[in-house]
Each structure stands twice: as C-alpha cells, then as structure tokens.
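Each chain, letter by letter, is given below.
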Amino acid sequence: MTSYHALTEAEAIAYARSIPNLFAPDSELSSREIGDGNLNLVFHISEPSTGRSIILKQALPYAKVVGESWPLTLDRARIESEALMIHESLCSDLVPHVWAFEKELALTVMQDLSDHVIMRKGLMERNRYPLFAEHISRFLANALFYTSDLGRNQQEKKESVKQFINPELCKITEDLIFDDPYRNADTNNVPPAIMDAVEHIWNDKELHLEVAILRNSFLTNAQALLHGDLHTGSIFIKQDSTKVIDPEFAFYGPMGFDIGAVFANLLLNFAAQEGWSADVHSRADYRSYLLATVKDIWTRFEGEFRSLWNRYGVDRMSKTDGYQDWYIQQVLRDTFGYAGCKMVRRVHGLAQVADINQIEDESAKERAQRISLQLGTSLIKHHRRAVTIDEMLELADKAI
Ligand code: ADP
Ligand code: MG
Ligand code: MG
Ligand code: MG
C-alpha cells in the first residue's frame, strides 16, 4: 500500500473512511490528534452525525524525549497490535478491540475508549475503582498463564517468542530502568532537593547487586508474554470497566515485571498523597485503599493463576508436588523486585510520573520523592526473601 509517512489529519480521515462498514460513505468526519507526541500519533476520528468514533495509532520512526530524538523501530506497532489481539483472545473485555493493522504505515485501528480515563489521572483525583483488582488480576493471570510453558505447548510458545523479539524497546527498559538510575547518567533528571538520597543510591553496592540480579532475569527469563509497560498511564478505567492499552514494549520476560509495574504505580501514588490531600485522615484512608488494592490484586492473581494451572495446565512435569508453590513464590519475589525498580526510576530517571511531578508544594513533592526511593529500594533489597504480599504492605507503611 502507501509507503510510510506520518499521517496528516486529512489523511487519517481518508484512511478511516476506507475501512469497510464503519462510517457512512459521505458523512462528515472530524479528527483530533490526542497523543502526547513522544513516540506515536494518536488520531481520534469521529462521525458527529452518528456519534461513532475510532482511534488510529501510528508509530513514529523516532522517539522525542527532552528535545533529543533517536530512531526507534516501526516494528513496535506490529508488536503492539499483535499483543492486543492475543490479549483480546484471552480476556476480550479488558482490552480495546483492534479492527485493523496496516504494517506499511505502522498503523493500528482500534476501539475508542474516550469514555474511560487514564488511571494515573483517576488516582490523582483520588477516585476509587471497586472492580479494578478483579479486572487487572484476571488480565494478568490469563495473559501470563496462557503465554507461558504452563498454559501451552513449548514448541508453540517458542514460535511466539520469535514473534515478540523486541530488542529496541527492551533496550530502553534495560537502560532506563536497570542501569541509568544507579549511576550518574546524563539521561537522569535528578531533583536537586534530593541529591543526597540519589547519591546514596549511586553508591549502594548491595542495591546494585540486587538490581543486576533482576536485570539478569529480565534479559534471560522468557517466562511469558509481557505487556512490558504496564503503568497506570497504560490503563484506561471507569467504575465498571478496565482496559489495558499500549503494549508496544511486549516481549517474553519474567511475569513479575508486569505485576510489579502495576504495584509500583499504585505505590508511587501512595507515596505522593501529601501532594494531593491536605487532610490527614482522608490521606490515610486513601493510602489504605491503595494498599488494600495491592493485596487484593495479588490474592486474586494467585487464586486465578493456580486455578488456571490446575484446570488447564498442559505440562506433566509442572504437576510435580511442590512445584506450583515454588513457582508462585518466585513470581512474588520478582514482583517485589521489579516493583522497586519501577518506583526508583520514576523519581530521578528519564521519564517521571505526574503523581509526583505535578505536586505544586515543593516540600510535599520532596517527601513523595523520598518515600518512593525509600520504598523502592527496600522492595529491591527484600525481593529475594519475600514470602507473602503482606511484606509489601509493611514496607510501604514503614516508608511513610
Ligand atoms: P504512547 O505509546 O505514545 O504512550 P498510548 O497508546 O499510551 O501511546 O496513547 C497515548 C494517549 O492517547 C493515551 O494516553 C490516551 O489519551 C490516548 N489514547 C490511546 N489509545 C486510545 C483509545 N483506544 N481510546 C481513546 N484514547 C486513546
Ligand atoms: Mg506516551
Ligand atoms: Mg502510553
Ligand atoms: Mg507506549
């Protein structure tokens, strides 16, 4: 078809019109580009006469971060659309429907979720989502179980591993999560007020060993197909619905990396509460809600994962006595470690989070940063000894 170029709004409309059975042939369509413009274009195309709308997401051939620009493979659009389709086959209510993928243009046509809000924003407004724990734990259990050697034939799984080799996006993670925050790298963006705490991290050899161990597993443990970027900015939410978007970092890695990403982002919001409520009681109450959510997610995840394993496990050796308990313990330990890594990088690394950075009061912001570093490093250091999820809650309580 057309050779690659970044679409204009007029071209996005023309493309949307060419999709069969979506819009009336001669109706007015309007387009708005709603992406944040760092890596991808996101066009919202709507037909005012019927209220119908869709999203076109197009990968750009470069990433723009802090004024710098570096080339980034368009193949990530294929990875994203194929991961979305696998997720849809496993839990169709928890991801946007994909109507089409156009390889040459690195363009995905998907369901418009504008009636949801990005969860990071929802948490910053201190909303509560009673179904979130059930939804995200079901997403994690199904997406991770069925893409692992527990839920399907090893040969098929290896074919799928080939489909999701994603070296360029993995390198972003390897650098920005597992390396740069632990040294004085020029990609870092260190808040001057916490320079002492950051320098402590740069010099903490015990911490570096634990991060190197977690990085090793990220590099080598092709345990299951991961989303790869499962922070609260990749989750659309409303009271009765949760949708996981943006799996362009998908690859086969350790399960705890995705579960840890969810926990890290709940805990970053936990750390930031002084910035979002002046009232001591409502702050404590919201913090309890966040911790209860962490526990609820893990408990439900473990229950659902064990039940899938017991009912649909395909592997004879995986039924060996004691193996399931050992396996889940390892996943929990990884979850602690990756949650910690994902917290730390958001404080002084390259891409930070609005939960902290949008706090106006400087001392409340500094407190959020220090809590996040304290909790993040203690999760990393504890990870190989973790036994129950309650220890995560205890470490969080200790950090405030
Ligand atoms: P990126 O990979 O560039 O972060 P995302 O897939 O996260 O791209 O999308 C960026 C933003 O575009 C989202 O935060 C959201 O505001 C909007 N967006 C993305 N997908 C959809 C969708 N299916 N429905 C509505 N808005 C969307
Ligand atoms: Mg973005
Ligand atoms: Mg995104
Ligand atoms: Mg993305």
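Residues numbered from 1 in each chain as written. Chains lettered and ligands numbered in written order. Predicted model: local features only at pLDDT ≥ 70, side-chain atom pairs only at ≥ 80, totals over all residues.

(A) Spotlight on the site of ligand 1. Around ligand 1, the structure places 20 residues, and the nearest of them are Asn40, Val42, Ile55, Leu113 and Asp246. Put simply, the parts of the chain that give the shell around ligand 1 at least two residues each are strand S2 (40-47), strand S3 (52-59) and strand S7 (107-111). Here the residues of the shell around ligand 1 are counted per class, giving 9 nonpolar, 6 polar and 5 charged. Inspection of the shell around ligand 1 shows a minimum of three residues originating in each of domain 1 (9-111) and domain 2 (117-399). (Near = placed C-beta within 6 Å. Helix = DSSP H or I, 4+ residues; strand = E, 2+ residues; numbered from the N terminus. Nonpolar A, V, L, I, M, F, W, Y, C, P; charged D, E, K, R; others polar. Domains from an automatic or database assignment.)

(B) Representation of the UniProt feature "binding site: ATP" (unreviewed entry) in the protein. In the numbering used here, UniProt assigns the "binding site: ATP" (unreviewed entry) feature to Asn40, Lys57, Asp246, Pro247 and Glu248. A maximum C-alpha distance of 12.6 Å among these annotated residues, which run over 209 residues, shows that they cluster at one spot. Looking at Asn40, the number of C-beta atoms within 10 Å reads 20, which means it is buried. With residues near it in sequence (within four places) discarded, Asn40 still touches Gly35, Lys57, Gln58, Ala59 and Leu60. With respect to the helices and strands, Pro247 occurs in the loop between strand S11 (241-244) and strand S12 (251-253). Once you skip the residues sitting within four places of it in the chain, Pro247 turns out to touch Glu80, Ala83, Leu84, His227, Gly228 and Asp229. (UniProt positions renumbered as here; feature names shortened; annotations may be inferred. Buried ≥ 20, exposed ≤ 12 C-beta atoms within 10 Å, placed from the backbone. Contact = placed C-beta atoms within 7 Å.)

(C) Representation of the domain arrangement of the protein in the model. If you check the domain split of the protein, you get domain 1 (9-111) and domain 2 (117-399). Between domain 1 and domain 2, the C-alpha centre-to-centre distance is 27 Å. Counting residues per element, the side of domain 1 that touches domain 2 draws most heavily on helix H2 (residues 75-90), at 9 residues. Looking at the side of domain 1 that touches domain 2, its residues break down into 11 nonpolar, 2 polar and 3 charged.

(D) Main features of unusual backbone geometry. Despite not being glycine, Asn21 has its phi angle at roughly 60°, a positive value. Looking at the secondary structure, you find Asn21 in the loop between helix H1 (9-18) and strand S1 (30-33). One non-glycine residue, Asp246, lies in the positive phi region at around 65°. With respect to the helices and strands, the residue Asp246 is situated in the loop between S11 and S12. For Asp246, a count of 23 C-beta atoms within 10 Å gives the class buried.

(E) Representation of helix H9 (residues 255-271) within the structure. Along its 17 residues, H9 runs 24 Å from first to last C-alpha, staying within 8% of the 24 Å computed at 1.5 Å per residue. With 17 of its 17 residues buried, H9 lies for the most part within the structure. (Expected span 1.5 Å × (residues − 1).)

(F) Spotlight on the packing of helix H11 (residues 323-348) against helix H13 (residues 362-382). Contact geometry of H11 with H13 gives a least axis separation of 7 Å together with a crossing angle of 150°. Of the possible angle classes, the one that applies to H11 and H13 is roughly antiparallel. When the axes of H11 and H13 are compared, the crossing they make is left-handed. For the pair H11 and H13, the contacting residues are Phe336, Gly337, Ala339, Gly340, Cys341, Met343, Val344, Arg346 and Val347 in the first and Gln369, Ser372, Leu373, Leu375, Gly376, Thr377, Leu379, Ile380 and His382 in the second. A class-by-class count of the residues in the contact of H11 with H13 yields 10 nonpolar, 7 polar and 1 charged. (Axes fitted to C-alpha atoms, helices over the stretch in contact; angles between N-to-C directions. Parallel < 35°, antiparallel > 145°, perpendicular 65-115°, else oblique. Left-handed = near helix turned anticlockwise from the far one by under 90°.)

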